[in-house]
Amino acid sequence: MSSAATRVTGQDQDHLWTVTEHLEDILTTVHPLDPIELQLLDAQGCVLVEDVTVPVSLPPFDNSSMDGYAVRVTDVAGASEEFPAVLTVVGDVAAGQGEPLHVGPGEAARIMTGAPLPPGAETVVPVEWTDGGLGEGAASRMRAHSTAPEGATGQVRIHRPAPARAHVRAEGSDVKAGDRALEAGSVLGPPQIALLAAIGRGTVRVRPRPRVVVLSTGSELVQPDEQLGSGQIYDSNSFALTAAARDAGAIAYRVGAVADDAETLRSTIEDQLVRADLLVTTGGVSVGAYDVVKEALESVGDEDEPGSGIEFRKLAMQPGKPQGFGSIGPDHTPLLALPGNPVSSYVSFELFVRPAIRTLMGLDDVHRPTTTAILRTDKALTSPTGRRQFLRGRYADGEVTPVGGAGSHLIAALAHADALIVVPESVESVEPGTEVEVVLLG
Ligand code: AMP
Ligand code: MG
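Residues numbered from 1 in each chain as written. Chains lettered and ligands numbered in written order. Predicted model: local features only at pLDDT ≥ 70, side-chain atom pairs only at ≥ 80, totals over all residues. Heavy atoms only, no water.

Comments concerning the environment of Val30
Link 1 in the chain: Following the sequence through the fold, Val30 ends up in the loop between helix H1 (19-29) and strand S2 (36-39).
Link 2 in the chain: By relative accessible area, Val30 is classed as buried at 3%.
Link 3 in the chain: Along the chain, Val30 and Leu278 lie 248 residues apart, while their C-alpha atoms are 9.3 Å from each other.
Link 4 in the chain: In this view, Val30 contacts Pro334, Ala356, Thr359 and Leu360; residues no more than four positions away in its chain are not counted. (Helix = DSSP H or I, 4+ residues; strand = E, 2+ residues; numbered from the N terminus. Buried < 20%, exposed > 50% of the residue type's maximum accessible area, 1.4 Å probe, protein only. Contact = heavy atoms within 4.5 Å.)

Written as structure tokens, this is what we have:
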């Protein structure tokens, strides 16, 4: 392979990159996607790029917070169980009805939650403080009329007084026209989407979800549900990483396993470029004879264009030593080439791809949360010197317990982990009961 076409970094082939250096290289290369206008539900999880102002107050009109009767204050003053106020029911006000009726002295309108306070009425008496309009022979009349919109005529007996504007939600008491509803930079979760809909916004300007294409490589790989032949294994990486990309906020496309053939891989990647904001491959990045990703991508750079092409490097980490990173194609689409061992590829995704996806989304917080925890285990953990080790663990209540060993093929243990235990480069062993750093996988 021509080394002239690889990314120019000034580093020699044997240089070991730290996890931090590799991550920094990725995060300085990857930039937030350009904003677009999206339908509200398509913008879920996206970052808003505009300040949204409230066009119309919420609520837009004074309305009742209870089912009850809209009345004048003086008509119910001094009302009690013994001496109820008896008012004439002039009709119903339901939410969403057109012309509200007028409430005069001695009158009441039956009102439903959310319905506008009718003109003339000053307060709302909840239905629980009344006989429900069913006293004194009114019951049969009410039933006879109950399906007609203005049919709730008769009398109602009210047992308690109410001050002005009781059980009334005032116009603008939620937000007022001209207020700032949401600031640029807000992440649109369900409550933010609720607010946008409530103020009448059908579309918003956001950074879109990145489209992430996941390719696995390996002639030994078979899709789940198919029969395994001799020497074959199921392709789990492409499923794990597609799921992880979705979990990070991306729209993820899983491309089935590509055989270990450089030309096939190169043309598959070229075909996928049209729908990718980020490409992720697994396998084929070490130094074996069939390390096809390296072979296919080492020569894709444009010699006249610094920074184009994929560079393969060794990282001071375990698992996940061999990694590739760079950009490819006419749009300089970033590509991360992850190692093939299932645990290595997943840990690499968490450390490098997830922050890249979240950077494309324009999020401020691109990293998983970390915390410290007390190591709960029988015997000391050992770790190779000079490499940052990420062991799988279960975290609870400030303690972390390792699951499985350091082997990067241990998928079952990974399925029971919810944290990564970080053993720094300089540390060779960690005693039980010691405080360790953990990355919480959520
Ligand atoms: P490689 O880096 O391609 O040599 O792969 C390293 C190890 O990971 C080998 O044992 C592969 O069989 C295994 N492996 C590679 N890709 C996958 C995959 N998509 N799913 C499961 N195992 C894989
Ligand atoms: Mg392979």
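What follows picks up the thread again.
What about the nonpolar core?
Link 1 in the chain: Formed by 40 residues in total, the largest nonpolar core has its most connected members in Phe352 and Ile357.
Link 2 in the chain: Every element with two or more residues in this core is listed here: H1, strand S14 (211-217), helix H5 (237-248), strand S18 (278-282), strand S22 (333-338), helix H8 (342-360) and strand S27 (419-423).
Link 3 in the chain: Of all the elements, H8 adds the most residues to this core, at 10 residues.
Link 4 in the chain: For this core, the domains that each give at least three residues are domain 1 (4-33 + 209-361) and domain 4 (370-440).
Link 5 in the chain: Leaving out residues up to four positions away in the same chain, Phe352 has contacts with Val19, His22, Leu23, Ile26, Leu315, Met317, Gln323 and Leu336. (Core = buried A, V, L, I, M, F, W, Y, C linked by side-chain atoms within 4.5 Å. Domains from an automatic or database assignment.)

A few points about the site of ligand 1
Link 1 in the chain: Ligand 1 sits among 16 residues. The nearest are Glu220, Asp235, Ser236, Gly284 and Gly340.
Link 2 in the chain: Look at ligand 1: alone it shows 480 Å² of surface, and the protein chains cover 76% of it.
Link 3 in the chain: Mapped onto the shell around ligand 1, the elements with two or more residues apiece are S14 and strand S16 (233-234).
Link 4 in the chain: Taken together, the residues of the shell around ligand 1 break down into four nonpolar, 10 polar and two charged. (Near = heavy atom within 4 Å. Areas by Shrake-Rupley, 256 points an atom, 1.4 Å probe, with all protein chains shown as cover. Nonpolar A, V, L, I, M, F, W, Y, C, P; charged D, E, K, R; others polar.)

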